[in-house]
Structure formats: structure tokens, C-alpha cells
2 protein chains.
Amino acid sequence: MSYSYGTLRPMTTDTPARLLQLLSLLQTPREWPGGELADRLGVSRRTVRRDIDRLRELGYPVQATKGADGGYRLVAGKAMPPLVLDDEEAVAIAVGLRAGAGHAVEGVDEASVRALAKLEQVLPSRLRHRVSTLQAATTPLTSGDGATVAPETLTVMASAVAGQERLRFAYRSGDGTESRRLTEPYRLVSTGRRWYLVAYDLDRADWRTFRVDRVSDPLATGARFSPRELPTGSAAEYLRQSMYRRQETYEFDVTFAAPVEFVVARLPAWLGPPEPVDEHSCRLRATAGDSVEWLALRLALVDCEFTVHEPPELLGYVRELGERLTRAGKAPDRLTD
Amino acid sequence: MSYSYGTLRPMTTDTPARLLQLLSLLQTPREWPGGELADRLGVSRRTVRRDIDRLRELGYPVQATKGADGGYRLVAGKAMPPLVLDDEEAVAIAVGLRAGAGHAVEGVDEASVRALAKLEQVLPSRLRHRVSTLQAATTPLTSGDGATVAPETLTVMASAVAGQERLRFAYRSGDGTESRRLTEPYRLVSTGRRWYLVAYDLDRADWRTFRVDRVSDPLATGARFSPRELPTGSAAEYLRQSMYRRQETYEFDVTFAAPVEFVVARLPAWLGPPEPVDEHSCRLRATAGDSVEWLALRLALVDCEFTVHEPPELLGYVRELGERLTRAGKAPDRLTD
DNA sequence: CCCTATAGGTCAGATCATGTCCTATTCCTA
DNA sequence: TAGGAATAGGACATGATCTGACCTATAGGG
């Protein structure tokens, strides 16, 4: 286990540097006796106590166990202290966040992309390799409708939104036409499993929404702008209206042969809760913007009997999947072994 | 957007505090002109330059854009700088890591748990609420075989391993008998989707492996120990042997009607690659420790025709799932609407 | 009861950090 | 092509700060 900023420079007479180093040491989940800290930091025991005091004044709650076998330890406080991660931990977080970027939880997703952007901004390049390699090894849950979002695209966009920099990218619209866009990015929004960028399109001189999976080669130009006011309240609201106008959603209607609680625990929360029909079944009517393939798998994952009422496409795909599995489950013609 | 340590204490004459604050400001993915930094930090422009110099000496690569519209910005260096996260980002990372704890990527998983433990050690309590609430809203991919691992259990264990503290917990063994264990935890290992603790059992005076999903009420006692030497090389190796002895795995054998590349991209990498049969099909023989239900879903997600050869249980479950989906896809008897 | 931890006070001397000057350099824009 | 605005950095005097070496008080474990 290597704590980069803890062990790299053992001889530093610089106070602020020592404080950072101390913070990094204390973040290891264990007890640190004052003597050991003094050794590691190359200062006297008294100074360590003073440093700990300073950390406390700064708001980091350092807990001390008195008596023999005592020591210091960083505990939960009222604000987040700076996280000191070693290489592997940083990679793990990056991979985790990138994997989650596809099918995120409502309310966390854009914060998660922001965190990812922050992390990747400072991620050493040798770790970048490992992240992309490992990410390639991850199998996303997506049912292969091809509309996967590159995490790089998301982070570039998030940086541009945060930094108020103009964003240029290539866009492939719904009917397949390609175009290049120069925009003032306003906000990233995710609905269910899909990401959208709400931005002011400078060429068209109007607000637009872009599906992130149709964006390629995003580039923050570096030019700053002062944000315009979005005509319709929030970005999420604007997106909702825009999607509604374009009919990019469909309604579905399914009955499950299981109690509401059972179903609710096995479906993404953003679909909303089903309404109970009776004690042993419930019915879900909702709107989805995702492909029917994905929805069908989601339904299969619920792991109970169900019936599809709407839409016909979903019905068709469920039937097809059922037949495929039935074929797969037939006693196999023995292959050559 | 609130940067806790950036805005909480505007008047501080303390240099180390100011450096941390500066680090936090620079972590926003944007350009910061020196004047603005000077204002925010309440010091002169010259001092800001000096601080930036100090950060650079500490190893944080601060990039400066010269000329009009220039500014400072933190870029990737050779080591990870401490991450300064705001509340939402911290929550997002925690939720992401907890969600990923179930079905992690090989090679990242235990680092991911370590990172989670580090983060939760210092996560303010008000954020803890949000994390658990949001996590409840997440639907794990697990096919409901009940063997889900509580992230809290994992983090407590990871802390105990890192801090070399004795660990006490209740264990429900395979045949259902309950027992209390006092152990010296050695390493956490994950295989595929399941977590194991390799530890020295003090009562039995021997090494044991424990399935984490069968552990409850884990408690780090606080008592330290000096790690013993594991008789068999690495923890992963020990676990493999232990599982082999107990026959906790099964072999499966499936043929896909799709090229190797197609299948490989849609299956977890730790299953290993299938071997090509011909240009349009390939066959996968591997060992799984997971439930057949989970494996069946994984196969369905591959989204191509396939045939199950072994084992019979898998064959049965695939057939059952297929029939259920076929029933679900039948033209529904119209319910009362 | 003793040992070993943290906790904190005081003091002198060395060190460090700050703001205000100054000039050099680079880049964008007009 | 000239000008403006930004970073970069040297010099210096003043004042604050930091450190180590003393010291005592207090709490827990064996």
C-alpha cells in the first residue's frame, strides 16, 4: 500500500506540506500513535500535537484514544475533508463511476459525472491506461442497442458546463444527418438511462437538447461565455417539454403476478411505483424513453410472472426473447465433445 | 455549487488552510485568473503566485495560461492530489461504489472497497442518510438469490484488514448453523460476484474463509494484532483451494450462435473467453460460483441464440424463464381498463 | 501501581510569510 | 502592428509564526 503524498517526500520543512501529509496518513483507517507520526513527518512530538490541533481547528475531527495503545484517527465530521487516494483506489473510483454513468440513480447522476470530471482532470496518465483497460473489461448492462455513452464525452461536457466554456461537437440527429455544432452548454440531464445536454446552439441561435450518445468528438474551445437565461425554468423541465414535443417516449403497461413491494424492489425507482391490483398482483403504467429491448430485460429481471399490455413492440420482443430462451433450454443435440 | 472548505472560512490568516482552500478551488474544472483567486482567498496577488509555486513544489501540476484571458488550472500530474469533493459528489461516489460492490470488475474490487471504507470513515453523518436512502432506490442487478452483501459489512471488514484490528462477527454456515467468530482478518477477496474474507479464526486456531453474505454484525474490536503468515501464498490462492475442497463451484458449457468477439463483449471478463467453433459460433466452458439464475440472465443479456449443454440445473432454469416470457408475450386477456 | 499514551502551557530563537514595489514575457485583440 | 492583460519572479522590510525543549495534568490497560 503506497500513500503517494505520505511517503514521497520524507524530508520537508514546509508546514503546509506536512499538514497535507498528516491528513493523508490519518485517512488510513487505523490508529496512529503520536510518536510514529512524529517519526514519519520528521518533527517533534509536540509539533505533531500542534498540527493535530490545527487540523481540528480547520474542521477535521481527529479523534484521540488516550491511555496505552492509544493514538489518533480521523472520524466523520461536518464537512468532507480532502480525500487522499492511492493509485488503486483512484482507479477503482474512476472505473466505478464510469460504469455507473450508463444506468445511474436519479438525483446522483450529474453529481457523479461532476465527480468523475474532477477526478479525471487530475488523474495521472499512467492510471488513465488502467482505467480504460479495466473499463473495457466491464460488461455494461445495456442490451446492445448501441446507444452507449462514452464516459469521456460526459466528462468533457461536464467540465464545459462547470467552466462555462463553449463546446463544439459533431452530432448525428435522429434521421441520420450529421452536423457540427457550436454551443454554450447549460446543463447535463439524465432520464432513466439516457443522457441529454441542454445547450444554446450558437449557429441556430436558439436552445436545443442533444442526446449525448449521438455526440462525437466533443471539444471545449476554451472560450468563456456568460450563461444565458433558459426560457423555461429548469433544464430538466425544458428537456421534458422537448422530448414530449418530439414524441421520443412511449407508454407501456404491464401487470405483474407479484405484490407491489416485490416488484418495486426489483425495478429502477424512476419508473415509479406500480399500483396494486390485488394482494398478489400489481400493474405498472409508465413512460419510458429507452429501447423496448432494455425494458424487456428489466422486466425479466423482476423474476415473477407478468403480462404485457402495451406497447405492441414490447409484446413482440418479449415473445421473441421467450422463444429464444425456450430454444436454448431444449435438450441439446450433443455436439462433438 | 458549494465548496465547503472554499467558502466556509473567508477570513483566515492561516497559510496551510489557505493552501487547502486553493487546492479545492483549483479542482473545479475551469480557469481561475489570479485576481479572482486573490479576492477569494483574501490575500494579495503576489501571495497567490507564491502559493501556486508552493503547490507546484508539492507536486501538484498547476498549469497557467499566459496572456489575456489566462488563468490557473490543475492538470494531471504524476501522483493523485487529494480530491476535494462537495457534498453531492461525495454522495455520488459513495452510492456508485456501493452499487458496484456487488458485481465488481476483477482487479478493482478490493481497491474499490478500500476506497469506500476511506470515504465512509469521514463522510459527514447528514450525508450518510442520503447515501443509504439513495442506495435503497438503486436496483441491484442481482437476480434475487438473497445472497446480497451489505456495503457496511464490506467497509467494516476492509477497515479491520487495513488497520490490523481483530474482527468479531456472527456467521451462518452453509448448513444453516449460526456461530460467533473472533478472527484476525487477513484479506478480502471477490470472485465474480461474491465476496470472501480470508481470516485466522482465533477460536478454531486455524485459517478459514467466510462468505461475506453470510456474515452479520461485524465489529472491529479495536485490539491490534501482528499479521500471521498465510500458509498458502496469496489470499486468492488460498480461497481457490478452499472453494475447490468444498465443491462450491460448478462447471457450465454453452454454445453461442455468434462470433467470439460479439459474445466476449457482452459477458463479464472473468468468465474467460469462449473458444471459437466456426466463424459464426463459439463455445464457452467455464466454472461459476454463482447461482444458475444469475448465470441464465447473464446469458440472456448476450442477445443471441445459444444452447445450454451443462449443467442440467441451468438448462432447467433457462427453459423456465423462456416459458415465463412466452406466457408474458401472449396477447393479453384485456383487463378492466 | 506503573507505564504509556494524549493534552496543553510557556519561552526563546529562528524561520517564514506577507505586501509593496519592480521588470520580463507571452498571448489575444483591436 | 501596437496595446492591454495576464503570468512570472526578484528584492526587501516588517511582523507574525513556527519549532523544540522544557514542564505538568490526565486517562486507560495490564
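Residues numbered from 1 in each chain as written. Chains lettered and ligands numbered in written order. Predicted model: local features only at pLDDT ≥ 70, side-chain atom pairs only at ≥ 80, totals over all residues. Heavy atoms only, no water.

A. Main features of the overall build of chain A. Counting its regular elements, chain A contains twelve helices and eleven strands. Here chain A, with 337 residues, has 55% of them falling under the buried criterion. Restricting the contact set of chain A to residue pairs at least 6 apart, pairs at least 24 apart contribute 59%. (Helix = DSSP H or I, 4+ residues; strand = E, 2+ residues; numbered from the N terminus. Buried < 20%, exposed > 50% of the residue type's maximum accessible area, 1.4 Å probe, protein only. Contact = heavy atoms within 4.5 Å.)

B. Seen up close, the pairing of strand S10 (residues 281-288) of chain B. Residue and element names in this part refer to chain B. By the criterion of burial, S10 is predominantly enclosed, with six of the eight residues buried. Summarising the sheet, strand S8 (residues 250-256) and S10 pair through seven bridges and their orientation is antiparallel. Residue Val-254 lies in a different strand from S10, and its bridge partner there is Leu-284. Turn length for the strand S9 (residues 275-278)-S10 hairpin, with the two strands adjacent in sequence and antiparallel, is two residues. (Pairing = 2+ DSSP bridges.)

C. Spotlight on the sheet that holds strand S10 (residues 281-288) of chain A. Residues and elements named next belong to chain A. Ordered by their spatial adjacency, four strands build an open sheet running S9-S10-S8-S11, and the pairing between neighbours is antiparallel. Each edge of the open sheet carries a strand with a single partner, namely strand S9 (275-278) and strand S11 (306-310). Strand after strand, the sheet turns through a mean of 25 degrees between neighbouring axes, direction not considered. Sheet analysis places strand S8 (residues 250-256) next to S11, joined by four bridges and oriented antiparallel. Bridge pairing links Asp-253 to Glu-310 in S11. (Axes fitted to C-alpha atoms, helices over the stretch in contact; angles between N-to-C directions.)

D. Representation of the sheet that holds strand S7 (residues 215-224) of chain A. Residue and element names in this part refer to chain A. Strand order in the open sheet formed by five strands is S6-S5-S4-S3-S7, and the pairing between neighbours is antiparallel. Edge strands, defined here as strands with exactly one partner in the open sheet, are strand S6 (206-211) and S7. Looking at each pair of strands side by side, their axes are set apart by 45 degrees on average, direction ignored. Where strand S5 (residues 194-201) lies against S6, six bridges are found, and the strand directions are antiparallel. Pairing of Tyr-200 across the sheet is with Trp-207, part of S6.

E. Highlighting the packing of helix H2 (residues 15-26) of chain A against helix H4 (residues 45-57) of chain A. All names here are of chain A. One can describe the packing of H2 onto H4 by two numbers: an axis separation of 10 Å at closest approach and a directional angle of 80 degrees. Judged by the angle between their axes, H2 and H4 are roughly perpendicular. Taken together, the residues of H4 that come into contact with H2 (itself represented by Thr-15, Arg-18, Leu-19, Leu-22, Leu-23 and Leu-26) are Thr-47, Asp-51, Ile-52, Arg-54 and Leu-55. Of the residues assigned to the contact of H2 with H4, the class counts are six nonpolar, two polar and three charged. (Parallel < 35°, antiparallel > 145°, perpendicular 65-115°, else oblique. Nonpolar A, V, L, I, M, F, W, Y, C, P; charged D, E, K, R; others polar.)

F. Summary view of the packing of aromatic side chains. Taken as a whole and assessed by the stated rule, the structure comprises twelve aromatic pairs over all chains. Here Phe-256 of chain A and Phe-306 of chain A contribute two aromatic rings whose centre-to-centre distance is 6.2 Å and whose plane-to-plane angle is 40 degrees, an arrangement assigned as tilted. Of this pair, Phe-256 of chain A sits in strand S8 while Phe-306 of chain A sits in strand S11, and the two are 50 residues apart along the sequence. Exposure class is identical for Phe-256 of chain A and Phe-306 of chain A. Each is buried. Consider the rings of Tyr-186 of chain B and Trp-207 of chain B, whose centres lie 5.4 Å apart with planes at 85 degrees: the pair is edge-to-face. Within this pair, whereas Tyr-186 of chain B is found in strand S4 (residues 178-191), its partner Trp-207 of chain B is found in strand S6 (residues 206-211), the two being separated by 21 residues in sequence. Considered together, Tyr-186 of chain B and Trp-207 of chain B belong to a single accessibility category, that of buried residues. Clustering of aromatic rings is evident, with ring pairs tying together Phe-169, Tyr-171 and Phe-210 of chain A. Taking the ring centre of Tyr-186 of chain B as reference, the NZ or CZ of Arg-187 of chain B above it sits at 4.7 Å. (Phe/Tyr/Trp six-rings, centres within 6.5 Å; stacked < 30°, edge-to-face > 60°. Lys NZ or Arg CZ within 6 Å of the ring centre and 35° of its normal.)

G. Just the protein's contact with DNA strand D, in detail. Near DNA strand D lie 25 residues; those nearest to it are Arg-18, Thr-47 and Arg-50 of chain A together with Gly-34 and Arg-49 of chain B. Between DNA strand D and Tyr-72 of chain B, the relevant distance is 2.9 Å, taken from a phosphate oxygen to a side-chain nitrogen or oxygen of the residue. The set of elements that each furnish at least two residues to the surface near DNA strand D consists of H2 and H4 of chain A together with helix H4 (45-58) and strand S1 (62-65) of chain B. The class makeup of the residues in the surface near DNA strand D is six nonpolar, eight polar and eleven charged. (Near = heavy atom within 4 Å. Polar contact = N/O pair within 3.5 Å; in protein donor to acceptor, adjacent residues only side chain to side chain.)

H. Looking closely at the protein's contact with DNA strand C. Taken together, 25 residues sit near DNA strand C, with Gly-34 and Arg-46 of chain A together with Arg-18, Thr-47 and Arg-50 of chain B positioned nearest. Among the atoms of DNA strand C close to the protein, meaning within 4 Å, 61% are from sugar or phosphate groups. Arg-46 of chain A places a side-chain nitrogen or oxygen 2.9 Å from a base oxygen of DNA strand C. Arg-56 of chain A is positioned with one of its side-chain polar atoms (N or O) 3.5 Å from a phosphate oxygen of DNA strand C.

I. Spatial organisation of the nonpolar core. Counting 72 residues, the largest nonpolar core has Leu-26 and Leu-55 of chain A together with Leu-55 of chain B as the members making the most contacts within it. Setting aside chain neighbours within four positions, we find Leu-55 of chain A in contact with Leu-19, Leu-22, Leu-23, Leu-26, Tyr-60 and Val-62 of chain A. Grouped together as the second largest cluster of nonpolar side chains are 62 residues, Ala-286, Leu-301 and Leu-321 of chain A together with Phe-252 of chain B included. (Core = buried A, V, L, I, M, F, W, Y, C linked by side-chain atoms within 4.5 Å.)

J. Here's a closer look at the pattern of salt bridges. In the structure shown here, the tally under the stated rule is 37 salt bridges over all chains. Here Arg-114 of chain B ties to Asp-86 of chain A by a salt bridge, and the two come within 2.8 Å at their closest N and O atoms. Residue Arg-114 of chain B is found in helix H6 (residues 109-122), and its partner Asp-86 of chain A is found in the loop between strand S2 (71-74) and helix H5 (87-100); the two belong to separate chains. Note on Asp-86 of chain A: relative accessible area 3%, which makes it buried. A salt bridge links Asp-213 of chain B to Arg-211 of chain B, with the shortest nitrogen-to-oxygen separation between them at 2.9 Å. Here Arg-211 of chain B falls in the buried class, since its relative accessible area comes to 11%. Look at the salt bridges and you will find they share partners, linking Asp-86, Glu-88 and Glu-89 of chain A together with Arg-114 and Lys-118 of chain B into a network. (Salt bridge = Lys/Arg side-chain N within 4 Å of Asp/Glu carboxyl O.)

K. Structural context of helix H12 (residues 312-329) of chain A. The end-to-end C-alpha distance of H12 of chain A is 26 Å, a good match for the 26 Å that 18 residues give at a rise of 1.5 Å each. Where H12 of chain A is concerned, the buried positions are Leu-314, Leu-315, Tyr-317, Val-318, Leu-321, Gly-322, Arg-324, Leu-325, Ala-328 and Gly-329 of chain A. Where H12 of chain A is buried, its residues touch S8, helix H11 (292-301) and S11 of chain A together with helix H11 (292-301), strand S11 (306-310) and helix H12 (312-329) of chain B. (Expected span 1.5 Å × (residues − 1).)

L. Layout of the pairing of strand S5 (residues 194-201) of chain B. All names here are of chain B. Burial within S5 is extensive, with eight of its eight residues counted as buried. Along S5, one buried face is formed by Arg-194, Tyr-196, Val-198 and Tyr-200 and the opposite face, lined by Trp-195, Leu-197, Ala-199 and Asp-201, is buried too. Bridge count for S4 against S5 is eight bridges, and the pairing is antiparallel. What sits directly across from Glu-184, in S5, is Tyr-200.

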